[in-house]
Amino acid sequence: MFYEPTWESLRHHGVPKWYEDAKFGIFIHWGLYSVPAWATPIGELGEFSAEEWLKNNPYAEWYQNTLRIEGSPTWRHHVETYGEDFEYERFAQLWKAEKWDPDEWAELFKRAGAKYIIPTTKHHEGFCLWPSKYTDFCVMVKGPNRDLIGELSKSVRNLGLRFGVYYSGALDWRFTKEPIAKEGDIKYIRPHTYEYSDYAYNQFMELIELYMPDILWNDIGWPEKGREDLKYLFAYFYNRNPNGLVNDRWEVNHWDFRTAEYKVGYHEEIPTFKWEFCRGLGYSFGYNQVEGEEHTLTVEQLIDTLVDVVSKGGNLLLNIGPRADGTIPEIQKERLEGLGRWLEKNGEAIYETRVWERYGEKLEDGMEIRYTKRDNSLYMTVLGKILKGEIVITGMRLEEDTKIEVLETGEPVKYINQGKELKISIPDELRDKHGIVLKLSPVPTAKE
Ligand code: GLC
């Protein structure tokens with residue numbers, strides 16, 4: 001199909017199968033902010049008032065903005081560590097990526113079970129991670145002196161993973177001086193000139209030409225002056241990559257999937273559209289050296305998050321924040337590998353699945369289960385540990401020939417339908433285990 005640069009024509013673009021099937025991607029926040037790598041880990045987005053959040057921003061990639069708020073913890077940290085006169089842009093001189101091996105990253109992401117990778121090409125600070133002909137504030141002129149986006153795209157594609165690009169469309173702090181400090185600021189402390197809107201447009205076109213991404217993941221919004229131009233950008237993109245997608249942060253009425261971030265926009269039910277949930281392993285996207293075990297999701301929590309999102313029709317875009325030298329902190333690696341080990345055994349219940357009639361349920365004894373469906377099977381994943389010897393689901397009847405097995409081992413599991421209750425007996429060796437998946441074939445007909 002050929003897309004015209006009209007909103008009407010673009011509407012015909014649907015969510016490609018690869019993205020529906022993929023379920024799990026890796027987000028990478030890497031930039032000048034990875035040099036100071038510092039923020040106050042106060043909690044998750046959605047738990048604080050705007051003012052409180054912005055002054056104590058746990059997002060380390062917001063360092064420059066928080067630094068502009070005098071008296072903030074980041075401002076204090078900066079003055080003590082680098083001195084009052086040390087301008088943010090100077091971090092470019094300290095960013096060397098000297099230990100960076102993109103193949104090693106790609107292998108780790110693959111081992112983790114991710115199917116697509118989305119790095120920041122330009123975050124709010126404005127520093128570009130590819131050699132852009134539109135600015136000198138980029139990685140070939142300053143900093144690592146390598147095409148980080150180009151090299152990474154090759155490494156991940158070599159392993160059969162898809163590649164998308166994050167770009168901060170609405171915010172570019174090279175063009176504004178005031179801090180975003182309170183509710184509403186983010187709407188107007190932005191570059192509003194035609195010059196900037198052309199700049200952002202040209203850069204996206206450049207990214208398409210150079211790397212042909214599979215996802216255009218824009219952030220915050222788009223300069224009002226350039227919003228109508230996006231029809232041309234999207235048509236150009238889809239005509240070259242019909243399996244490409246755009247997210248929903250452009251402030252226009254067109255998107256392929258919606259985004260949720262920490263507590264903002266998370267779905268408690270199955271929505272009617274495709275969505276993607278993003279978050280860091282801790283409270284930040286950019287690497288925050290202050291974060292430790294207590295701020296980081298455990299492998300078990302990570303598994304539960306993925307399962308919950310997928311049972312509601314979403315994808316998980318899990319962020320990692322590499323160090324400035326190009327290494328990935330041990331704690332992040334350990335989490336990715338843990339999730340990868342679970343997916344290796346239980347991926348059948350995740351990849352290529354579709355939602356069932358309902359996402360899951362809370363059983364009378366408090367245990368939570370989630371459903372996914374693939375071919376002729378229904379997968380039932382237990383969140384948390386299996387505590388009891390029995391799973392009891394009220395109102396589910398199985399056909400006589402239904403088989404239930406433990407996905408990981410293929411071991412058959414006994415059950416009985418008693419009145420309105422389905423009672424599945426849990427083999428002893430599964431007790432206390434986390435992330436157990438039961439596979440029911442054929443898919444049962446719904447609850448009565
Ligand atoms: C946000 C933040 C940002 C992060 C992101 C990820 O809006 O401003 O720092 O990159 O979204 O979803």
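Shown above is the structure to which this text applies.
Worth saying up front: this structure is predicted, and the values here are computed from it rather than measured.

Draft legend 1. Quick peek at the sheet that holds strand S12 (residues 390-394). Pairing in this open sheet of 3 strands is antiparallel, and the strands run S12-S15-S14 from one edge to the other. In the strand order of this sheet, the two ends are held by S12 and strand S14 (415-418), each with one partner. Recorded for the sheet is a direction-independent mean angle of 15° between the axes of neighbouring strands. Relative to strand S15 (residues 421-425), S14 is paired through 4 bridges, and the arrangement is antiparallel. Pairing of Ile 416 across the sheet is with Lys 423, part of S15.

Draft legend 2. Highlighting the site of the ligand. Surveying the vicinity of the ligand reveals 15 residues, the closest of which are His 29, Glu 61, His 123, His 124 and Glu 261. At 3.1 Å, a side-chain N or O of Asp 219 approaches an oxygen atom of the ligand. When the free accessible area of the ligand is taken as 310 Å², the share hidden by the protein chains comes to 94%. Residues belonging to the shell around the ligand are distributed by class as follows: 8 nonpolar, 3 polar and 4 charged.

Draft legend 3. How the structure looks around the sheet that holds strand S10 (residues 368-374). Spatially, the 5 strands line up as an open sheet ordered S9-S10-S11-S16-S13, and their pairing is antiparallel. In this open sheet, the two strands that pair with only one neighbour each are strand S9 (360-362) and strand S13 (403-406). Adjacent strand axes in the sheet meet at a mean angle of 20°, parallel and antiparallel pairs treated alike. The sheet contact formed by strand S11 (residues 377-383) and strand S16 (residues 437-441) spans 4 bridges and is antiparallel.

Draft legend 4. Region of the structure containing the packing of helix H12 (residues 299-311) against helix H13 (residues 330-346). As a packed pair, H12 and H13 sit with axes 9 Å apart at the nearest point and diverge in direction by 55°. Regarding the angle of H12 to H13, the classification is oblique. Viewed along their axes, H12 and H13 form a crossing whose handedness is right-handed. Seen from H12, the contacting residues are Val 299, Leu 302, Ile 303, Leu 306 and Val 307; seen from H13, they are Glu 334, Arg 335, Gly 338, Leu 339, Trp 342 and Leu 343. Split by residue class, the contact of H12 with H13 holds 8 nonpolar, 1 polar and 2 charged.

Draft legend 5. Quick peek at unusual backbone geometry. Here the residue pair Ser 441 and Pro 442 is connected by a cis peptide bond, since its omega of -10° sits within 30 degrees of zero. Relative to the helices and strands, Pro 442 is located in the segment after S16. Of note in the backbone geometry, Glu 251 takes a positive phi value of approximately 60° without being a glycine. Position of Glu 251 among the secondary structure elements: in the loop between strand S5 (245-246) and strand S6 (258-261). Overall, the relative accessible area of 29% leaves Glu 251 in the partly exposed class. Here the phi dihedral of Asp 432 falls at roughly 75°; this positive angle occurs in a residue that is not glycine. By the secondary structure assignment, Asp 432 is in the loop between S15 and S16.

Draft legend 6. Quick peek at the pattern of salt bridges. Taken as a whole and assessed by the stated rule, the structure comprises 34 salt bridges. Here Glu 47 ties to Lys 263 by a salt bridge, and the two come within 3.2 Å at their closest N and O atoms. Here Lys 263 lies in the loop between S6 and strand S7 (275-280) and Glu 47 lies in the loop between strand S1 (24-28) and helix H3 (50-55), a separation of 216 residues in the sequence. Between Lys 312 and Glu 268 there is a salt bridge, with its nearest N and O atoms 3.8 Å apart. Remark: Glu 268 occurs in the loop between S6 and S7 and Lys 312 occurs in the loop between H12 and strand S8 (314-320); sequence separation between them is 44 residues.

Draft legend 7. Just the nonpolar core, in detail. By size, the foremost hydrophobic cluster in this structure holds 90 residues, and its most contacted members are Phe 24, Trp 95, Phe 109 and Trp 250. The element that contributes the greatest number of residues to this core is helix H10 (residues 194-211), accounting for 9 residues. Both of domain 1 (7-349) and domain 2 (360-441) provide at least three residues apiece to this core. Those residues in contact with Phe 109 that lie beyond four places of it in its chain are Ile 26, Ile 28, Ala 114, Ile 117, Leu 161, Ile 320, Ile 328 and Leu 336. Listed in part, the 25 residues of the second largest apolar core include Trp 18, Ala 22, Leu 45 and Phe 257.

Rules and cut-offs
- Residues numbered from 1 in each chain as written.
- Predicted model: local features only at pLDDT ≥ 70, side-chain atom pairs only at ≥ 80, totals over all residues.
- Heavy atoms only, no water.
- Pairing = 2+ DSSP bridges.
- Helix = DSSP H or I, 4+ residues; strand = E, 2+ residues; numbered from the N terminus.
- Axes fitted to C-alpha atoms, helices over the stretch in contact; angles between N-to-C directions.
- Near = heavy atom within 4 Å.
- Polar contact = N/O pair within 3.5 Å; in protein donor to acceptor, adjacent residues only side chain to side chain.
- Areas by Shrake-Rupley, 256 points an atom, 1.4 Å probe, with all protein chains shown as cover.
- Nonpolar A, V, L, I, M, F, W, Y, C, P; charged D, E, K, R; others polar.
- Parallel < 35°, antiparallel > 145°, perpendicular 65-115°, else oblique.
- Left-handed = near helix turned anticlockwise from the far one by under 90°.
- Contact = heavy atoms within 4.5 Å.
- Buried < 20%, exposed > 50% of the residue type's maximum accessible area, 1.4 Å probe, protein only.
- Salt bridge = Lys/Arg side-chain N within 4 Å of Asp/Glu carboxyl O.
- Core = buried A, V, L, I, M, F, W, Y, C linked by side-chain atoms within 4.5 Å.
- Domains from an automatic or database assignment.

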